[in-house]
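Topology and contacts: notes
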Amino acid sequence: QTSQSNNYNPTFVFQQSGTTISGTASLPSHEASRAGFRSPSGPVTGTLHGDQLSVTVTWNGQNGPVTGKYTATIVQGRLSNGNAGGPTWNGTGPTQCVAQ
């Protein structure tokens, strides 16, 4: 569960391979509609170096792709000090590692 200062609440599902992060982000349908997105989910790409997470989400906007850049520090399994290109964000949990 994440929360942003601009009242959007994306859910992230990350996969990690070394320092590479991939996955998906999704918004509740009413938030995606408010943002003008054609779909409530989009692919995630990025990196994790030490405790520093940096990912980009590509949303399907009405007039083409819309990218959102997210950075945060991982502290005890939570995301803190997040920046989403202006709005702040953080992860309130649950956060868990899944071995594959």
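See above for the structure.
A brief report on the enclosed structure follows.

Judged by nonpolar contacts, the single largest core of 18 residues is most densely connected at Phe12, Val57, Trp59, Tyr70 and Trp89. Those elements giving two or more residues to this core turn out to be β3 (20–26), β4 (41–49), β5 (52–61) and β6 (64–75). If we skip the residues at most four places from it in the chain, Tyr70 touches Gln4, Pro10, Phe12, Leu53, Ser54, Val55, Val57, Trp59, Asn83, Ala84 and Trp89.

Applying the stated rule across the entire model yields five aromatic pairs. Aromatic side chains Phe12 and Phe14 sit 5.4 Å apart centroid to centroid with 25° between the ring planes, which places their arrangement in the stacked category. What makes Phe12 buried here is its relative accessible area of 15%. Measuring from centroid to centroid gives 5.1 Å for Phe37 and Trp59, while their planes differ by 10°, and the two rings are stacked. With Phe37 in the loop between α1 (29–35) and β4 and Trp59 in strand β5, the pair connects residues that are 22 residues apart, well separated along the chain.

Let us now look at the sheet that holds β4. The strand order β1-β8-β7-β6-β5-β4-β3-β2 describes an open sheet built from eight strands, whose pairing is antiparallel. Of all the strands in the sheet, just β1 (2–4) and β2 (11–17) have a single pairing partner and so form its edges. With direction set aside, neighbouring strand axes in the sheet form an average angle of 25°. Where β1 lies against strand β8 (residues 88–91), three bridges are found, and the strand directions are antiparallel. Of the residues in β8, the one forming a bridge with Gln4 is Trp89.

Turning next to the side chain of Thr2. Relative to the helices and strands, Thr2 resides in strand β1. Within the local environment of Thr2, its side chain forms a polar contact with the backbone oxygen of Pro10, the two atoms lying 2.3 Å apart. Contact partners of Thr2, with chain neighbours within four places excluded, come to Asn9, Pro10, Phe12, Trp89, Asn90 and Gly91.

One non-glycine residue, Asn7, adopts positive backbone phi at about 65°. As for its placement among the helices and strands, Asn7 is situated in the loop between β1 and β2. Judged by its relative accessible area of 54%, Asn7 falls in the exposed class. A positive phi angle, close to 55°, is found at Asn81, a residue other than glycine. One can find Asn81 in strand β7 (residues 78–83). For Asn81, a relative accessible area of 65% corresponds to the exposed category.

Moving on, we get to the pairing of β2. The pairing of β2 with β3 spans seven bridges and is antiparallel. Bridged to Gln16 within β3 is Ile21. Counted between consecutive antiparallel strands, the loop separating β2 from β3 contains two residues, among which Gly18 sits at a positive phi close to 65°.

The rules behind the values
- Residues numbered from 1 in each chain as written.
- Predicted model: local features only at pLDDT ≥ 70, side-chain atom pairs only at ≥ 80, totals over all residues.
- Heavy atoms only, no water.
- Core = buried A, V, L, I, M, F, W, Y, C linked by side-chain atoms within 4.5 Å.
- Buried < 20%, exposed > 50% of the residue type's maximum accessible area, 1.4 Å probe, protein only.
- Helix = DSSP H or I, 4+ residues; strand = E, 2+ residues; numbered from the N terminus.
- Contact = heavy atoms within 4.5 Å.
- Phe/Tyr/Trp six-rings, centres within 6.5 Å; stacked < 30°, edge-to-face > 60°.
- Pairing = 2+ DSSP bridges.
- Axes fitted to C-alpha atoms, helices over the stretch in contact; angles between N-to-C directions.
- Polar contact = N/O pair within 3.5 Å; in protein donor to acceptor, adjacent residues only side chain to side chain.

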